[in-house]
Amino acid sequence: MSAAAPRPRVTSITVAFNPNPERLAEQVRALQTEVDDIIVIDNASGNTVARLPQMRDLPARIITLPGNAGLARGFNLGIAAAREHASDFVLLLDDDSVPVPGMVEQLVNACRRQVRPGAPGVAAVGPRVQDSRDPHDYPFIQLGWTHNRHVRCGTSPDEVIGCDFLISSGSLVPMEAFTTVGEFDEGLFIDSVDLEWCCRARDKGLMLYGVCAARLDHRLGDRRQSVLNMELVVHSPERVYYMTRNRFLLYRRSYMPLKWKLKDLLRWMAKFSATMMLIAPRAQYARMTLRAIRDAIGGRAGKLEGG
């Protein structure tokens with residue numbers, strides 16, 4: 001009888017920027033029995049994470065940065081620390097995400113099942129994501145020419161869904177995937193960081209999987225606003241700058257799928273029009289959008305100057 005495979009070492013990496021203290025503490029408490037090491041990268045939060053009373057006595061290693069270095073830089077610093085811990089996997093998290101018990105074990109097991117002779121390598125696996133403010137799970141995305149296929153989990157508890165994109169929060173990444181794909185693009189700073197990395201991984205022949213048995217409670221968007229009997233996720237003007245600039249930067253990259261570029265441009269035009277008609281402050285949204293397009297044309301990346 002062959003010996004059982006050794007238990008892999010998992011390091012969680014949370015990038016925090018002005019987090020909700022109770023929510024972040026809830027996340028760390030949930031991670032205590034899920035992972036071996038907990039790293040929190042504090043991106044120069046006003047409410048310094050290391051001084052939060054809610055974090056007292058919790059088993060997290062907090063790395064405080066002198067300035068906001070962005071999501072991608074935070075993840076890359078965490079990955080470097082995970083290498084020092086000889087980790088087999090990293091679990092990427094936003095500061096507003098809380099894993100449901102058993103999530104990490106389900107992700108590790110699913111990832112290991114996909115590693116088979118002759119099969120493509122695994123870039124990442126991700127959980128079923130639900131916003132506690134929304135009764136519906138977020139689907140896994142398979143890109144198409146005319147429309148993207150939104151695949152939702154069925155009734156099988158062992159269902160694993162191949163997809164073209166995973167949000168970074170909740171994604172479990174084998175450390176060897178970074179050798180093939182590279183680390184996160186720090187020039188994107190905060191937005192489309194996960195999309196770009198996933199497309200780079202798929203371009204290199206690696207696979208992404210959604211794991212239905214694993215669950216994550218994750219909050220999307222800055223706020224929600226009811227407009228014309230619709231509930232819209234509303235972002236700040238600064239966030240709209242990054243969303244706009246980065247997508248225009250990515251349109252120029254050859255490894256980004258053409259079918260994504262075409263549909264995303266149309267989607268952006270519709271979202272921009274809706275924002276200009278329905279969401280205040282319109283003038284600030286327009287100003288930041290024009291600045292984003294100008295910067296993308298000029299090839300400027302990184303942190304928004306003055307942001």
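As a reminder, the structure under discussion sits directly above these lines.
Quick notes on the rules
Residues numbered from 1 in each chain as written. Predicted model: local features only at pLDDT ≥ 70, side-chain atom pairs only at ≥ 80, totals over all residues. Heavy atoms only, no water. Salt bridge = Lys/Arg side-chain N within 4 Å of Asp/Glu carboxyl O. Buried < 20%, exposed > 50% of the residue type's maximum accessible area, 1.4 Å probe, protein only. Helix = DSSP H or I, 4+ residues; strand = E, 2+ residues; numbered from the N terminus. Core = buried A, V, L, I, M, F, W, Y, C linked by side-chain atoms within 4.5 Å. Contact = heavy atoms within 4.5 Å. Axes fitted to C-alpha atoms, helices over the stretch in contact; angles between N-to-C directions. Parallel < 35°, antiparallel > 145°, perpendicular 65-115°, else oblique. Left-handed = near helix turned anticlockwise from the far one by under 90°. Nonpolar A, V, L, I, M, F, W, Y, C, P; charged D, E, K, R; others polar. Pairing = 2+ DSSP bridges. Polar contact = N/O pair within 3.5 Å; in protein donor to acceptor, adjacent residues only side chain to side chain.

1. Considerations on the pattern of salt bridges
Here is step 1: In the structure shown here, the tally under the stated rule is 16 salt bridges.
Here is step 2: Where Asp137 meets Arg128, a salt bridge forms, and the shortest distance between an N and an O atom there is 3.1 Å.
Here is step 3: We classify Arg128 as buried; its relative accessible area is 13%.
Here is step 4: A salt bridge links Arg267 to Asp264, with the shortest nitrogen-to-oxygen separation between them at 2.9 Å. With Arg267 and Asp264 both in helix 7 (residues 258–278), this residue pair falls three residues apart, about one helical turn.
Here is step 5: Judged by its relative accessible area of 37%, Arg267 is partly exposed.
Here is step 6: Here Asp264 falls in the buried class, since its relative accessible area comes to 3%.
Here is step 7: Taken together, the shared-partner salt bridges connect Asp185, Glu196, Arg200 and Arg253 into one network.

2. A closer look at unusual backbone geometry
Here is step 1: The peptide bond linking Ala280 to Pro281 adopts the cis configuration, its omega dihedral lying at 5 degrees.
Here is step 2: Mapped onto the elements, Pro281 comes out in the loop between helix 7 and helix 8 (282–297).
Here is step 3: One non-glycine residue, Ala86, lies in the positive phi region at around 60 degrees.
Here is step 4: Relative to the elements of secondary structure, Ala86 occurs in the loop between helix 2 (71–84) and strand 4 (89–94).
Here is step 5: Judged by relative accessible area, Ala86 falls into the exposed class, the value being 56%.

3. A word on the nonpolar core
Here is step 1: Judged by nonpolar contacts, the single largest core of 48 residues is most densely connected at Val90, Val173, Phe178, Phe184 and Trp197.
Here is step 2: The contact partners of Trp197, leaving out residues within four places of it in the chain, are Ala123, Ala124, Val173, Ala177, Phe178, Val181, Gly182, Glu183 and Phe184.
Here is step 3: Listed in part, the 30 residues of the second largest apolar core include Met55, Phe89, Val104 and Tyr209.

4. Section: the packing of helix 7 against helix 8
Here is step 1: Look at helix 7 against helix 8: their axes get within 8 Å of each other, and the N-to-C directions meet at 150 degrees. It follows that helix 7 is roughly antiparallel to helix 8 by the angle criterion. Crossing geometry of helix 7 relative to helix 8 is assigned as left-handed. Where helix 7 abuts helix 8, its residues Trp268, Phe272, Thr275, Met276, Met277 and Leu278 lie against Arg282, Tyr285, Ala286, Thr289 and Ile293.
Here is step 2: Along the lines of polarity and charge, the residues of the contact of helix 7 with helix 8 split into eight nonpolar, two polar and one charged.

5. Notes on the packing of helix 6 (residues 237–250) against helix 8
Here is step 1: Contact geometry for helix 6 and helix 8: axes closest at 8 Å, N-to-C directions at 30 degrees. One way to sum up the angle between helix 6 and helix 8 is to call them roughly parallel. The interaxial crossing formed by helix 6 with helix 8 has right-handed handedness. Facing helix 6, whose interface residues are Pro237, Glu238, Val240, Tyr241, Thr244, Arg245, Phe248 and Leu249, helix 8 presents Gln284, Tyr285, Met288, Thr289, Arg291, Ala292, Ile293, Asp295 and Ala296.
Here is step 2: Considering only residue class, the contact of helix 6 with helix 8 consists of 10 nonpolar, three polar and four charged.

6. Side note on the pairing of strand 4
Here is step 1: By the criterion of burial, strand 4 is predominantly enclosed, with five of the six residues buried.
Here is step 2: Judged from the six bridges that link them, strand 1 (residues 10–16) and strand 4 form a sheet pairing that is parallel. Across the sheet, the residue bridging to Thr14 is Leu93, located in strand 4.
Here is step 3: Here strand 4 runs beside strand 11 (residues 172–174); their pairing, made up of three bridges, is antiparallel. Within the sheet, the bridge partner assigned to Leu91 lies in strand 11 and is Leu172.

7. A look at the side chain of Arg23
Here is step 1: For Arg23, the location among the structural elements is in helix 1 (residues 21–31).
Here is step 2: The contact partners of Arg23, leaving out residues within four places of it in the chain, are Asp95, Asp96, Ser97, Val98, Asp217, His218 and Arg219.

8. A closer look at the environment of Met207
Here is step 1: Within the element layout of this structure, Met207 appears in strand 12 (residues 207–218).
Here is step 2: Through-space distance from the C-alpha of Met207 to that of Cys163 is 7.7 Å; in sequence the pair is 44 residues apart.

9. Focus: helix 1
Here is step 1: For helix 1, every residue scored as buried is listed here: Pro21, Arg23, Leu24, Ala25, Gln27, Val28 and Leu31.
Here is step 2: At its buried positions, helix 1 is contacted by strand 1, strand 2 (37–42), strand 4, strand 5 (97–99) and strand 12.
Here is step 3: A side-chain oxygen of the first residue of helix 1 lies 3.1 Å from the backbone nitrogen of Glu22; this N-cap is Asn20.

Read these as geometric descriptors, not functional statements.
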